[in-house]
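# Inside the fold
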Amino acid sequence: MSLEYAILVSLRERAGSGYELARRFDKSIGYFWAASHQQIYRSLKRMVELGWVDCDEVAQQKRPNKKVYRVSEPGAQELARWIAEPAATRNDLTVKLRGASFGDASQVRDEFTRQRDLHVQRLSLYREIERRDFPDTAQLQGQALHQHLVLRGGIRTEQALLEWCEEAIRALDDEERGR
């Protein structure tokens, strides 16, 4: 995912300076999309050049002027376009969900449905590999044990992602129905 979209979501939630944005990343979006303060400032500069964000200078006493960034109309349109695209990574999906109210939430739900189906397929494949290659897990040692433990990690990850997708789909469906 491009850092710019995570920044657009954060700025749609609340305008702010680069410093404030970096602090928000440290406390929230940064858990899913890590970015250094330098990366955030470089991205903000690029986003101003693209016309996705506007920047106002606010005079401060005994400090340099503060630049406050907010999403422009072209930036809001770009964010909505990106939210509607298929997610390339789990981090993309997380940021798209956080920004669903700034795009079409039904498209985010549809993407969760697509992701759920992918996780169902992958989980089925992993379980088939386990049945085929590790029929007697109680006897595993050495390399076979290590391989099986890696596979178990994959199975547990897919189970958790599948449950998360199903939870998100239910919640987005409920929201759309007005519950």
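Residue numbers run consecutively from 1 along every chain, following the written order of its sequence. pLDDT decides what is reported in this predicted model: residues at 70 or higher carry local features, side-chain atom pairs at 80 or more are listed and counted, and totals for whole chains, interfaces and linings draw on all residues regardless. Values reported for side chains reflect all heavy atoms of the structure, with hydrogen atoms and water molecules removed beforehand.

## With respect to the side chain of His148
Here a helix means four or more residues in a row that DSSP labels H or I, a strand means two or more in a row labelled E, and each is numbered from the N terminus. Within the secondary structure, His148 sits in helix α7 (residues 142-177). Only heavy atoms enter the contact rule, under which two residues are in contact if any of them lie within 4.5 Å. Look past the residues within four positions of His148 in its chain and what remains in contact with it is Glu130, Phe134, Thr137 and Leu140.

## So, the domain arrangement of the chain
Where each domain starts and ends follows an automatic or database-derived domain assignment. By domain assignment, the chain separates into domain 1 (1-84) and domain 2 (92-178). When each unit is reduced to the centre of its C-alpha atoms, the spacing between domain 1 and domain 2 is 31 Å. Contacts between the two partners involve 14 residues from domain 1 and, on the opposite side, 10 residues from domain 2. By salt bridge we mean one thing: a side-chain nitrogen of Lys or Arg within 4 Å of a carboxyl oxygen of Asp or Glu. The tally of links between domain 1 and domain 2 comes to 1 salt bridge. Of the charged contacts in the structure, one is a salt bridge between Arg98 and Glu13, with a shortest N-O distance of 2.8 Å. Definition of a polar contact: a pair of N or O atoms within 3.5 Å, with one able to donate and the other able to accept a hydrogen when the atoms are protein atoms, and with sequence-neighbouring residues admitted only if both atoms are side-chain atoms. Inspection of the region where domain 1 meets domain 2 yields 2 residue pairs in polar contact (both at pLDDT 80 or more). Breaking the side of domain 1 that touches domain 2 down by element, the ones donating at least two residues are α1 (3-13) and α4 (73-84). Under the scheme applied, nonpolar residues are Ala, Val, Leu, Ile, Met, Phe, Trp, Tyr, Cys and Pro; charged residues are Asp, Glu, Lys and Arg; polar residues are all the others, including Gly. Of the residues assigned to the side of domain 1 that touches domain 2, the class counts are 11 nonpolar, 1 polar and 2 charged.

## Points about the nonpolar core
The set of buried Ala, Val, Leu, Ile, Met, Phe, Trp, Tyr and Cys residues whose side-chain atoms join them within 4.5 Å is what this entry labels a nonpolar core. Relative accessibility under 20% of the residue-type maximum defines a buried residue, over 50% an exposed one, and the middle range a partly exposed one, all with a 1.4 Å probe and only protein chains included. The biggest cluster of nonpolar side chains holds 35 residues, and the ones touching the most others in it are Ile7, Leu8, Leu11, Phe25, Ile40 and Leu79. Residue assignment for this core shows that the elements contributing at least two residues are α1, α2 (18-27), α3 (37-50), β3 (66-71), α4, α5 (90-98), α6 (105-133) and α7. Broken down by element, this core gets its largest block of residues, 7 residues, from α1. Counting contributing residues, this core receives three or more from each of domain 1 (1-84) and domain 2 (92-178). Counting 6 residues, the second largest nonpolar core, distinct from the first, contains Leu123, Phe134, Ile155 and Leu162.

## Brief notes about the UniProt feature "domain: Transcription regulator PadR C-terminal" (unreviewed entry) in the chain
UniProt positions are given in the numbering used here, feature names are shortened, and annotations may be inferred rather than shown by experiment. Taken from the UniProt record, the annotation "domain: Transcription regulator PadR C-terminal" (unreviewed entry) applies to residues 89-173. Helix makes up 82% of residues 89-173 and strand makes up 0%, while its end C-alpha atoms are separated by 22 Å.

## Points about α1
Along α1, 9 of the 11 residues are buried, which leaves the element largely enclosed by surrounding structure. If you check which residues of α1 are buried, you get Leu3, Glu4, Tyr5, Ala6, Ile7, Leu8, Val9, Ser10 and Leu11.

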